[in-house]
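# Structural features, examined
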Amino acid sequence: MAETVFAPWDDPTERPLIRFRNVTKRFGDFTAIDDLTLDIFEREFFALLGPSGCGKTTMMRMLAGFENPTDGAIELAGQDIAGVPANKRAVNMMFQSYALFPHLSVWDNIAFGLRRESKDKAAIAARVEEMLKLTRLEKFARRKPHQISGGQRQRVALARSLAKAPKLLLLDEPLGALDAKLREATQFELMDIQEKTGTTFVIVTHDQEEAMTVASRVAVMDEGRVMQVATPERIYEAPDSVYVADFIGDVNLLHGTATPSGNDTYAVTWAANEAPVQAASTRPLSSGQTCHLAIRPEKVAIHKDKPEADNAVQGKVLDIAYLGNLSTYHVELPTGDIIKAQVANTRRISRRDFTWEDPVWVSWTKTAGVLLAE
Amino acid sequence: MRRAILIAVPYAWLLALFLIPFAVVFKISLSDIALAIPPYTPTAKDGIWNMLSQLDFENFVFLTEDDLYWKAYISSLQIALISTVLTLLVGYPMAYAMARAPEQWRPTLLMLVILPFWTSFLIRVYAWVGILSGEGFLNQFLLWIGIIDAPLTILNTNTAVYIGIVYTYLPFMILPIYAALDRLDGSLIEAAEDLGCSRIKAFWLVTIPLSRNGIIAGCFLVFIPALGEFVIPSLLGGSGTLMIGKVLFEEFFSNRDWPVASAVAVILLLILIIPIVLFQRNEQKQVEDGK
Ligand SMILES: Nc1ncnc2c1ncn2[C@@H]1O[C@H](COP(=O)(O)OP(=O)(O)OP(=O)(O)O)[C@@H](O)[C@H]1O
Ligand SMILES: [Mg+2]
């Protein structure tokens with residue numbers, strides 16, 4: 001039997017676990033969340049991505065029960081949760097500031113939530129030990145929070161929120177202070193926990209790679225609004241706005257006007273002295289509509305001589321950014337635009353083909369880019 | 001060199017204002033009463049060796065023989081202890097409310113707590129005589145609203161002493177507790193609630209332990225001066241109010257028995273050293289904890 005893909009958001013019969021319905025949150029006359037409508041499904045690993053101050057923490061705080069929406073309603077498993085106090089919600093939150101109890105040891109911090117619901121000392125101890133092991137904190141169990149490092153504190157906060165195995169877990173930047181290796185390991189642990197327990201995760205992160213790695217879906221936010229909600233691949237490959245395209249990863253943007261030139265294909269006039277570029281788009285555009293063509297640097301090829309390609313433009317190498325496994329060539333076009341082309345470093349650096357000021361051609365296919373209407 | 005000077009300053013202060021006066025008082029406590037000026041013998045005029053050879057502990061022995069003294073010590077301890085607890089019970093909610101008040105109100109509230117210090121302590125205690133006496137404001141008010149038929153006797157009882165001490169030392173309780181609560185990170189309470197605590201439980205498990213240092217500091221700041229309190233029991237207390245501060249005063253000024261009075265003072269100081277040392281420990285621990 002073929003394994004079914006986990007995509008409850010595509011299934012109209014599926015009931016979401018969390019439902020934001022036209023939620024607005026204002027602090028005084030400042031609008032932190034602006035008319036937000038969003039569904040999150042059970043067993044999802046939902047990532048919130050967005051610039052600082054866009055309202056990610058505020059969203060989580062409403063879910064945890066520390067803020068009430070000014071307008072609209074939030075439903076958890078079909079129930080409106082307005083007025084349900086935080087301690088009565090099957091939700092645990094890991095705070096961005098960790099909020100560890102300074103008067104309790106690491107061990108007691110982790111046991112804190114367990115003690116509230118169970119009297120069985122042995123069960124609590126077993127669970128705490130399990131959490132300590134998971135977060136590799138066994139050695140620090142007896143220390144107070146001010147006696148451990150920042151990354152260790154973050155792990156204590158994570159362990160504490162995981163300990164109760166809640167139905168919904170809110171993680172506000174859970175891995176920001178960890179080193180790359182530990183972060184990767186913890187990401188996989190989180191995904192593993194999620195597989196095993198079926199907990200729904202909502203995670204805030206500033207690390208796009210992390211969002212891409214762990215998330216079932218990603219929401220990109222800006223100034224209190226959700227710009228796009230989609231799977232990581234779709235967010236990356238098919239952003240539906242310039243904002244999302246620009247926010248996630250690196251992108252080349254060409255501004256121009258589109259003219260239909262065939263089946264789902266448009267010619268984009270982007271500079272007076274240059275030939276129009278060809279781009280495919282499933283979203284229809286009207287003739288003469290101004291638009292942006294967004295192309296990821298790794299989809300742009302770089303050549304010495306004019307290549308046979310749908311689109312090719314000549315320029316000269318302005319800058320080379322060496323990233324270890326990859327190099328990004330910044331190619332300046334005669335119009336002054338800069339196109340970034342990313343190439344895998346399959347050869348030693350001393351033997352690369354292009355260097356500064358070299359005249360080169362950059363090319364990409366019709367389907368490489370995404371056409372975004374203004 | 002600069003370090004040495006910096007360290008020397010507090011020690012010089014301690015020497016001049018505590019150790020030397022204490023040595024003088026201690027010496028007097030070992031002397032005998034005399035009808036002279038000063039009213040004790042021997043003095044340094046008799047020559048140092050001569051003086052030292054005449055000193056003895058007979059005044060301390062006397063204190064153990066007359067049960068007035070140890071009863072006064074016990075009663076003072078009891079009054080100081082009960083007043084400290086009462087002050088804590090009144091002060092904590094006030095400090096809590098202040099720490100929870102909107103940011104822009106807090107300086108005003110803090111000001112209001114400190115405001116009584118702007119008038120003389122003596123005048124404020126006298127004002128309580130006017131409030132608590134048989135024809136005082138309190139009785140008149142209670143009679144007027146009809147809660148009581150006959151005036152209550154509050155003045156010249158231990159109750160009046162408790163009221164006086166709580167009133168006088170309340171700011172010393174409020175300020176350290178407020179300081180502790182003000183520093184308390186609100187997200188800790190949220191975290192406790194998130195992990196399943198009710199409001200009250202979160203208060204017990206997080207707020208109280210985290211304001212512990214403030215509570216301890218406040219209690220010592222009230223207990224230590226209350227133990228030797230003299231003005232409040234003599235103005236508000238009655239003949240039944242036995243406090244060591246009052247005994248000390250009478251010994252000095254009514255009996256003019258400086259040596260016994262000094263012995264009483266030395267013992268009082270010894271009793272106080274215990275809480276003072278404990279208080280210092282607490283403060284030091286707080287510094288070491290980096291909070
Ligand atoms: N209690 C509050 N009163 C007033 N404004 C607030 C309050 N809480 C949050 N805000 C504002 O709401 C906006 C969103 O805040 P929020 O904490 O949700 O941001 P965020 O997306 O989590 O940012 P970051 O990535 O920096 O953590 C911010 O501009 C913030 O200043
Ligand atoms: Mg935040």
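Above this text is the structure in question.
Residues numbered from 1 in each chain as written. Chains lettered and ligands numbered in written order. Predicted model: local features only at pLDDT ≥ 70, side-chain atom pairs only at ≥ 80, totals over all residues. Heavy atoms only, no water.

### Remarks on the overall build of chain A
As a reminder of what qualifies: Segments assigned H or I by DSSP are reported as helices when at least four residues long, segments assigned E as strands when at least two residues long, and all are numbered from the N terminus. To sort residues, take the accessible area from a 1.4 Å probe on protein chains only and compare it with the maximum for the residue type: under 20% means buried, over 50% means exposed, and anything in between is partly exposed. Whether two residues are in contact is decided by their heavy atoms: any pair within 4.5 Å suffices. The Shrake-Rupley method, run with a 1.4 Å probe sphere, supplies the accessible areas, and residue values consider only the shown protein chains as cover.
A count of helices and strands for chain A gives eight helices and 20 strands. Overall, the C-alpha framework of chain A stretches about 75 × 55 × 50 Å when taken along its three principal axes. Here chain A, with 374 residues, has 49% of them falling under the buried criterion. Residue pairs at least 24 apart in sequence account for 65% of intrachain contacts in chain A once pairs closer than 6 positions are excluded. Working note: accessible area of chain A is about 18,100 Å², and carbon and sulfur atoms make up 48% of it.

### Some remarks on a nonpolar patch on the surface
Residue and element names in this part refer to chain B. Short version of the rule: Each patch is built from residues lacking any salt bridge and having more than 30% relative accessible area; the joining distance is 9 Å for like charges and 5 Å for nonpolar side chains (Val, Leu, Ile, Met, Phe, Trp, Tyr). Salt bridge, as used here, is a side-chain nitrogen of Lys or Arg placed within 4 Å of a carboxyl oxygen of Asp or Glu.
Together, L6, I7, Y11, L14, L15, F18, L19, I20 and V24 give the surface a local cluster of nonpolar side chains, amounting to about 850 Å² of exposed area. If you trace the backbone, Y11 turns up in helix α1 (residues 2–29). Residue classification places Y11 among the exposed positions, given a relative accessible area of 55%.

### Here we look at the nonpolar core
Convention followed: Only buried residues count toward a nonpolar core. Its members are Ala, Val, Leu, Ile, Met, Phe, Trp, Tyr and Cys residues joined through side-chain atoms within 4.5 Å.
The biggest cluster of nonpolar side chains holds 96 residues, and the ones touching the most others in it are I18, F20, F101, L170 and V202 of chain A. With eleven residues, the top contributor of residues to this core is helix α8 (residues 158–183) of chain B. Residues contacting L170 of chain A, with those up to four places away along its chain left out, are M60, L63, A64, V91, N92, M93, M94 and V202 of chain A. With 44 residues, the next largest nonpolar core counts A47, L190, F201 and V220 of chain A among its residues.

### Observations concerning the coordination of the magnesium ion (ligand 2)
Residue and element names in this part refer to chain A. Just so we agree on the cut-off: Only nitrogen, oxygen and sulfur atoms qualify as donors, provided they sit within 2.8 Å of the metal or within 3.2 Å for Na, K and Ca; with water excluded from the atoms, sites may seem incomplete.
Surrounding the magnesium ion (ligand 2) are the protein donor atoms T57 (OG1) and Q96 (OE1), at 1.9 to 2.3 Å. Here T57 is found in helix α1 (residues 56–64), whereas its partner Q96 is found in the loop between β6 (91–94) and α2 (106–117), with 39 residues between them in sequence. Exposure remark for Q96: the relative accessible area of 40% places this residue in the partly exposed category.

By themselves, these are just geometric observations and shouldn't be taken as functional.
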